[in-house]
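Observations on the model geometry
As a plain string of letters, each chain reads:
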Amino acid sequence: MIELQGVVKHFGSLKAVDDVDLNIEKGERIVIIGPSGSGKTTLLRMINFLEKMDDGKILLDGTEVGYRRDKKGRLVLEKPEIISALRSEIGMVFQHFHLFPHMTALQNVMEGPITVKRESREKAREVALDLLGKVGLMDKKDAFPAFLSGGQKQRVAIARALAMRPRLMLFDEPTSALDPELVGEVFSTIKNLASEGMTMVIVTHQMGFAREMADRVIFMDNGKFIFEGQPGDLFSSHMENPRVKTFLKKVL
Amino acid sequence: MLAGTLSLLLSVLPARSARAETADKPDRYELLAQGTRLVQDGNLDAALALFREIPPPAPGQDAGAFVRARMEAAKILFSRQEYDESAGMCKDILAKLPDNLEAKNLLAQVQAAQTPEWLRFLKDMKTYLPTLLKASGMTLLLVLITMVISPICGLFIALGRISRLKALSAFFWCFIWMFRGTPLLLQLFFIYYGLPQMGVTLKPFTAAIIGLGLNYSAYLAEIMRGAIESIDAGQMEAAKAIGMTYWQAMRRIIIPQTYKRLVPPVGNEFIALIKDTALVSTIAMVELMRAADQIFNATFNIFILVQAAIIYLVLTSIFTVSFRKIEDRLGVYENR
Ligand SMILES: Nc1ncnc2c1ncn2[C@@H]1O[C@H](COP(=O)(O)OP(=O)(O)OP(=O)(O)O)[C@@H](O)[C@H]1O
Ligand SMILES: [Mg+2]
């Protein structure tokens, strides 16, 4: 469905993402792990065009999207409207939620369909209520984010992304900012989503994601994929890569 | 020897006047003439003594000399601030000649002088209050129009400032730099007195609105830019992630979050604005300050200025309380 080819991102002299290829199939669930600073967030943000790549290609259903080349041959992002349209098909959930604080939970979820998709208020409301029910927050629909717990905020954020009916969901460490006792509720919300067949890429330090729902696990280090395979392979005793072994020892 | 002469003189004087009393009428005119001469010589004490001595005429008798003498005495007493006796003299005259204008006028003056200063001031305050209130209407109108213009212009300038288009940003930087870096008074002078030399003549009201509007737009722009930039960058990212364009995100997500943060500093600006409208009195606008100044110059009544101050205080206090209320209302989504 979405394919990245030779994607590169520099921050000054630092190569945050270094010539990465990634093919995301429809319905696939990919978990990306790796040490801090290895480029996981940067990679996710490039899939969503929040970060401009320096080189490479992004293909959607086989066609190159999002970029063109200027006279000097450098990559430039397409017009904002085109980028926005692409983004609206890709949902993103952030580590720190980024709910809109001046809107209630319900309004947060309705905002995208109303402003971006120009849906009617009634229809958007219907969809939003349905989604809030799905993430188990019907009773909090009129609460402002400041009055919600971290886990509740993250579940609203998931509903907000789903309201756009995305083809792909990106999760950047969705449980890292949560108190340990709140991880479970967000974890099971994402698992439900996976069981419905949603295509998703999850960056996490939570090995449970990898073990329980990943079709494919990618280990990233210094901007490169240094392991890619079945979750079983990652946790098997045959794992030879020393970087992966030390990392797993630390997080498990 | 000297004392003997004096006592002799003193004993003679009443005797002389007693004789005059028993003598014929013209003696009153004689005394009046003597007294007038004494006044001309500057010997007011003696003149006053003489005038006092002239007795009232019997009914039907000629009152001329008596009235003149009383009048002269009343004037001398008035100038010496002996108001009670002066008033008494005026009343003596009016008892004889109820329509005597000179006595009436002097009596009014004496009575005015007898009223305590503060009472007179209070009377002036009452007299001029309508004028001041009418002028405050103009002050309030200037404030309200500027309060509509400057946030709108300020927002556009702020958005221009944070634009990635370098030229636009630089242009508005320059605008803000000029209008915040020079006195408002100078800006008003330039617009009202300077522009006509370039062929643009403005009415005082138009010039005042343009001056206040531009100046306050510059101040509000900086406040708004600060507020927009203070919103967490994650908000713009989250808005873009659900497919919003930059302008949709600004309009729906970023700018609404600045409202509550804007109220206190913008409220302060609007309170400063109330006071700054006094500056337009220098470009021929009649507003509260100008009206108070004009009345003060005519009356030298310091209480007129106090009264203007009270009106300003009422306006600024209403603003302070209102902005506090608005801030509270805008903060409903915050957990405190
Ligand atoms: N906007 C930026 N400007 C400069 N350097 C950046 C920027 N964003 C990321 N980096 C650098 O790029 C590298 C990769 O960052 P990234 O956030 O993608 O890592 P990560 O794998 O998500 O780490 P973490 O697990 O801590 O979230 C890091 O060294 C980071 O410091
Ligand atoms: Mg990260």
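Here, the structure is the one placed above.
The model shown is predicted, which means the values in this text are computed figures rather than measured ones.

Helices and strands together make up the secondary structure of chain A, namely 9 helices and 12 strands. Over its C-alpha trace chain A gives a radius of gyration of 18 Å, about what one expects of a compact globule, namely 18 Å for 252 residues. Its C-alpha atoms give chain A principal-axis dimensions of about 50 × 50 × 30 Å. Among the 252 residues that make up chain A, the fraction classed as buried is 56%. Sequence separation of 24 or more characterises 64% of the internal contacts of chain A that already satisfy a separation of 6 or more. Per element, the accessible surface of chain A, about 11200 Å² overall, is 49% carbon and sulfur. Distance from the positive charge centre (36 side chains) to the negative charge centre (34 side chains) of chain A: 4 Å.

Once that is clear, we can look at the side chain of A:Ser38. Residues and elements named next belong to chain A. Of note, serine 38 is situated in the loop between β3 (29–33) and α1 (40–47). For serine 38, a relative accessible area of 1% translates into the label buried. Within polar-contact distance, the side chain of serine 38 engages the backbone oxygen of proline 35 at 2.7 Å. Dropping the residues within four chain positions of it, serine 38 is found in contact with Ala16, Met220, Asp221, Asn222 and Gly223.

Looking now at the pattern of salt bridges. Residues and elements named next belong to chain B. Tallied over the entire structure, the rule returns 29 salt bridges over all chains. A salt bridge links lysine 75 to glutamate 102, with the nearest nitrogen and oxygen atoms 3.2 Å apart. Taken together, the positions of lysine 75 in helix α4 (residues 64–79) and glutamate 102 in helix α6 (residues 101–114) put the pair 27 residues apart, joining distant regions of the chain. Here arginine 225 ties to glutamate 222 by a salt bridge, and the two come within 3.1 Å at their closest N and O atoms. With arginine 225 and glutamate 222 both in helix α10 (residues 204–230), this residue pair falls 3 residues apart, about one helical turn. As far as the burial class goes, arginine 225 and glutamate 222 line up, both buried. Taken together, the salt bridges that share partners define one network made up of Arg68, Glu72, Lys75 and Glu102.

In this section: the site of ligand 1. All names here are of chain A. Around ligand 1 lies a shell of 13 residues, among which Ser36, Gly37, Lys40, Thr41 and Thr42 are the nearest. The side chain of lysine 40 places a nitrogen or oxygen atom 2.9 Å from an oxygen atom of ligand 1. Burial of ligand 1 by the protein amounts to 60% of the accessible area it has alone, namely 630 Å². Contributions of two or more residues to the shell around ligand 1 are made by β2 (14–24) and α1.

Mapping A:Ser88 onto the fold places it in the loop between α2 (80–87) and β8 (90–93). A distance of 2.6 Å separates a polar side-chain atom of A:Ser88 from the backbone oxygen of A:Ala85. Ignoring sequence-local partners within four residues, the contact set of A:Ser88 consists of A:Val116, A:Met164, B:Ile242 and B:Gly243.

Nonpolar side chains in soluble globular proteins tend to end up buried together. Counting residues in each nonpolar core, the largest one holds 53 residues, and the members touching the most others are A:Ile33, A:Ile158, A:Met169, A:Phe171, A:Ile190 and A:Met200. Broken down by element, the residue count for this core peaks at 7 residues, all from helix α6 (residues 180–195) of chain A. Discounting chain neighbours no more than four positions away, the residues touching A:Phe171 are A:Leu44, A:Val93, A:Ile158, A:Ile190, A:Leu193, A:Met200, A:Val201, A:Ile202 and A:Val203. Within the second largest apolar cluster, 52 residues are counted, among which are A:Met1, A:Ile24, A:Leu86 and B:Ala241.

Next up on the list: the packing of aromatic side chains. What the rule picks out here adds up to 15 aromatic pairs over all chains. Each ring, one from A:Phe219 and one from A:Phe247, has its centre 5.1 Å from the other, and the planes form 75°; the classification is edge-to-face. Of this pair, A:Phe219 sits in strand β11 (residues 216–221) while A:Phe247 sits in helix α9 (residues 242–251), placing them 28 residues apart in sequence. The exposure class assigned to A:Phe219 is buried, which follows from its relative accessible area of 1%. For A:Phe247, a relative accessible area of 8% gives the class buried. Considering the side-chain rings of B:Trp173 and B:Trp177, the 5.7 Å spacing of their centres and the 10° angle between planes classify their relative orientation as stacked. Here the residue B:Trp173 and the residue B:Trp177 both occupy positions in helix α8 (residues 166–181), the gap between them amounting to 4 residues, near one helical turn. On the accessibility criterion, B:Trp177 (54% relative accessible area) is exposed. Linked through ring pairs, B:Phe189, B:Tyr192 and B:Tyr193 together constitute an aromatic cluster. Seen from the ring of A:Phe100, A:Arg160 lies directly overhead, with NZ or CZ sitting 4.4 Å from the centre.

So, on to the sheet that holds strand β5 (residues 63–64) of chain A. Residue and element names in this part refer to chain A. Strand order in the open sheet formed by 4 strands is β2-β1-β4-β5, and the pairing between neighbours is antiparallel. Each end of this open sheet is capped by a strand with a single partner; those strands are β2 and β5. Sheet topology note: the strand β1 (residues 2–11)/β2 ladder contains 7 bridges and is antiparallel. The residue of β2 that forms the bridge with leucine 4 is leucine 22.

This next bit is on the interface of chain B and chain A. Counting residues at the interface gives 21 residues for chain B, matched by 25 residues for chain A. Of the roughly 2100 Å² buried at the junction of chain B and chain A (both faces included), carbon and sulfur atoms supply 62%. The largest per-residue losses of area from chain B upon contact with chain A belong to B:Glu237, B:Ile242 and B:Tyr333, which jointly make up 29% of the total buried on that side. Seen at the junction of chain B and chain A, the total is 2 salt bridges.

Now for the packing of helix α12 (residues 246–276) of chain B against helix α14 (residues 302–330) of chain B. To characterise two packed helices, one gives the angle between the axes of the helices and the distance between these axes. Residues and elements named next belong to chain B. Look at α12 against α14: their axes get within 9 Å of each other, and the N-to-C directions meet at 175°. The angle between α12 and α14 falls in the class roughly antiparallel. In this structure, α12 contributes Tyr259, Lys260, Val263, Pro264, Gly267, Phe270, Ile271 and Ile274 to the contact, and α14 contributes Tyr312, Leu315, Thr316, Phe319, Thr320, Phe323, Ile326, Glu327 and Leu330.

Structurally, A:Ser36 is set in the loop between β3 and α1. C-alpha of A:Ser36 to C-alpha of A:Asp221: the two residues are 185 residues apart in sequence and 8.7 Å apart in space.

Let us now look at α8(B). For α8(B), built from 16 residues, the straight-helix expectation of 22 Å at 1.5 Å per residue is met to within 8% by its first-to-last C-alpha distance of 22 Å. Taken together, the buried residues of α8(B) touch α7 (117–161), α9 (184–194) and α10 of chain B.

Conventions adopted
Residues numbered from 1 in each chain as written. Chains lettered and ligands numbered in written order. Predicted model: local features only at pLDDT ≥ 70, side-chain atom pairs only at ≥ 80, totals over all residues. Heavy atoms only, no water. Helix = DSSP H or I, 4+ residues; strand = E, 2+ residues; numbered from the N terminus. Rg over C-alpha atoms; globule rule 2.2 N^0.38 Å. Buried < 20%, exposed > 50% of the residue type's maximum accessible area, 1.4 Å probe, protein only. Contact = heavy atoms within 4.5 Å. Areas by Shrake-Rupley, 256 points an atom, 1.4 Å probe, with all protein chains shown as cover. Lys, Arg positive; Asp, Glu negative; His and termini not counted. Charge placed at Lys NZ, Arg CZ, Asp CG, Glu CD. Polar contact = N/O pair within 3.5 Å; in protein donor to acceptor, adjacent residues only side chain to side chain. Salt bridge = Lys/Arg side-chain N within 4 Å of Asp/Glu carboxyl O. Near = heavy atom within 4 Å. Core = buried A, V, L, I, M, F, W, Y, C linked by side-chain atoms within 4.5 Å. Phe/Tyr/Trp six-rings, centres within 6.5 Å; stacked < 30°, edge-to-face > 60°. Lys NZ or Arg CZ within 6 Å of the ring centre and 35° of its normal. Pairing = 2+ DSSP bridges. Buried area = accessible area lost by both parts, 1.4 Å probe. Axes fitted to C-alpha atoms, helices over the stretch in contact; angles between N-to-C directions. Parallel < 35°, antiparallel > 145°, perpendicular 65-115°, else oblique. Expected span 1.5 Å × (residues − 1).

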